[in-house]
Amino acid sequence: MQLTDFKVLSFDCYGTLIDWETGIIEALQPLLARSGKRLSRDGVLEAFARHEAAQQSETPSMIYSELLGVVHSRIATDWGIEPSAKESEAFGHSIRNWPAFADSVAALQYLKQHYKLVILSNVDRESFKTSNDQLQVEFDHIFTAQDIGSYKPNPRNFEYVIKKLCDAGYQKHEILHTAESLFHDHAPSNRAGLASAWIYRRHAQKGFGATYPPDSMPKYDFRFTSMAEMAEAHRALNGGC
């Protein structure tokens with residue numbers, strides 16, 4: 001199996017193309033300061049991961065920006081302080097400030113020349129607009145949790161993208177799902193029978209950060225430490241072009 005065997009790249013966005021961990025840490029600073037806790041960066045991110053996964057399971061149809069506000073309140077309660085409605089709302093809208101990884105734009109612009117590019121993300125349409133502007137590429141399809149009515153790793157999200165791409169003329173074996181999260185993306189990709197490429201952004205760090213850990217290690221077909229590395233691997237197969 002080679003990268004050139006596929007016609008479509010479906011992407012997770014946050015954690016893969018957008019540096020959500022930096023965005024989350026910055027947006028949680030007021031709450032962390034108010035709590036007086038001395039938590040490591042990963043300690044903060046793991047609290048987020050735990051509450052986000054639980055809330056997505058409990059309220060699968062909630063708009064993501066609203067869900068983030070609830071997650072903020074849950075973290076506050078977990079840390080033993082009174083939630084602030086104003087702070088929670090601000091956290092819910094902080095997605096617009098989450099930065100793109102430095103290599104995302106160039107890699108996407110290169111890959112756009114060779115594939116159809118698709119977003120499959122646990123986000124709402126309005127929140128994704130700012131991220132899309134940062135990524136500076138026109139995606140051929142954008143599928144959000146708001147469109148689907150559930151959050152990854154729910155298998156419905158992968159059934160949805162497979163069906164939509166089949167309707168557009170692409171078969172399952174022509175799709176490569178590209179993502180960082182083993183929990184949200186690779187485990188359900190395995191169950192859906194999709195090939196996958198792991199963008200292992202946290203390769204130099206321990207743990208899973210803002211992503212809830214998987215029950216077991218899923219398989220993947222390709223592993224890269226960045227989007228730049230993936231683009232270079234394709235370029236090498238394509239004669240340097």
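Residues numbered from 1 in each chain as written. Predicted model: local features only at pLDDT ≥ 70, side-chain atom pairs only at ≥ 80, totals over all residues. Heavy atoms only, no water.

Participant: Explanation requested: the pattern of salt bridges in the structure shown.
Facilitator: Side-chain pairs of opposite charge can arise where the charged atoms are in close proximity. Per the counting criterion, the structure on display carries 15 salt bridges. A salt bridge links Asp 78 to Arg 50; the shortest N-O distance between them is 2.8 Å. Separated by 28 residues along the polypeptide, Asp 78 in helix H4 (residues 64-78) and Arg 50 in helix H3 (residues 41-58) bring together distant segments of the chain. For Asp 78, a relative accessible area of 39% puts it in the partly exposed group. For Arg 50, a relative accessible area of 39% puts it in the partly exposed group. Here Lys 112 and Asp 140 are joined by a salt bridge, their closest N and O atoms 3.1 Å apart. Pair noted here: Lys 112 is in the loop between helix H6 (104-111) and strand E2 (116-121) and Asp 140 is in the loop between helix H7 (125-135) and strand E3 (141-144), with a separation of 28 residues, a long-range link. Looking at Lys 112, the relative accessible area reads 29%, which means it is partly exposed. (Salt bridge = Lys/Arg side-chain N within 4 Å of Asp/Glu carboxyl O. Helix = DSSP H or I, 4+ residues; strand = E, 2+ residues; numbered from the N terminus. Buried < 20%, exposed > 50% of the residue type's maximum accessible area, 1.4 Å probe, protein only.)

Participant: Sorry, what's going on with the environment of Glu 82 here?
Facilitator: Looking at where Glu 82 falls in the secondary structure, it is placed in the loop between H4 and helix H5 (85-92). Judged by relative accessible area, Glu 82 falls into the exposed class, the value being 63%.

Participant: I tried to follow the side chain of Gln 55 on my own but got confused; where do I start?
Facilitator: Take Gln 55: it is sitting in helix H3. Exposure remark for Gln 55: the relative accessible area of 6% places this residue in the buried category.

Participant: Mind showing me how you'd approach the nonpolar core here?
Facilitator: Inside soluble globular proteins, nonpolar side chains tend to come together where they are buried. Grouped together as the largest cluster of nonpolar side chains are 53 residues, with contacts concentrated most on Phe 48 and Tyr 64. Excluding residues within four positions of it along the chain, Tyr 64 makes contact with Trp 20, Phe 48, Glu 52, Gln 56, Ile 95, Trp 98, Asn 122, Val 123, Asp 124 and Tyr 151. The next biggest cluster of nonpolar side chains, apart from the first, holds 13 residues, and it includes Leu 120, Val 161, Tyr 170 and Leu 194. (Core = buried A, V, L, I, M, F, W, Y, C linked by side-chain atoms within 4.5 Å. Contact = heavy atoms within 4.5 Å.)

Participant: I keep staring at helix H10 (residues 182-192) and nothing clicks. Help me out?
Facilitator: Every α-helix winds through 3.6 residues per turn, so residues three or four apart in the chain are directed the same way. Summarising burial for H10: nine of the 11 residues are buried, a large majority. All of the buried residues along H10 are Leu 182, Phe 183, His 184, Asp 185, His 186, Ala 187, Pro 188, Ser 189 and Ala 192. Those residues of H10 hidden inside the fold are in contact with H3, helix H9 (155-167), strand E4 (175-179) and strand E5 (195-199). Capping the start of H10, Ser 181 holds a side-chain oxygen 3.4 Å from the backbone nitrogen of Phe 183, two or three residues further along. Note on H10: the residue one or two positions beyond its end, Gly 193, has a positive phi of about 80 degrees. (Polar contact = N/O pair within 3.5 Å; in protein donor to acceptor, adjacent residues only side chain to side chain.)

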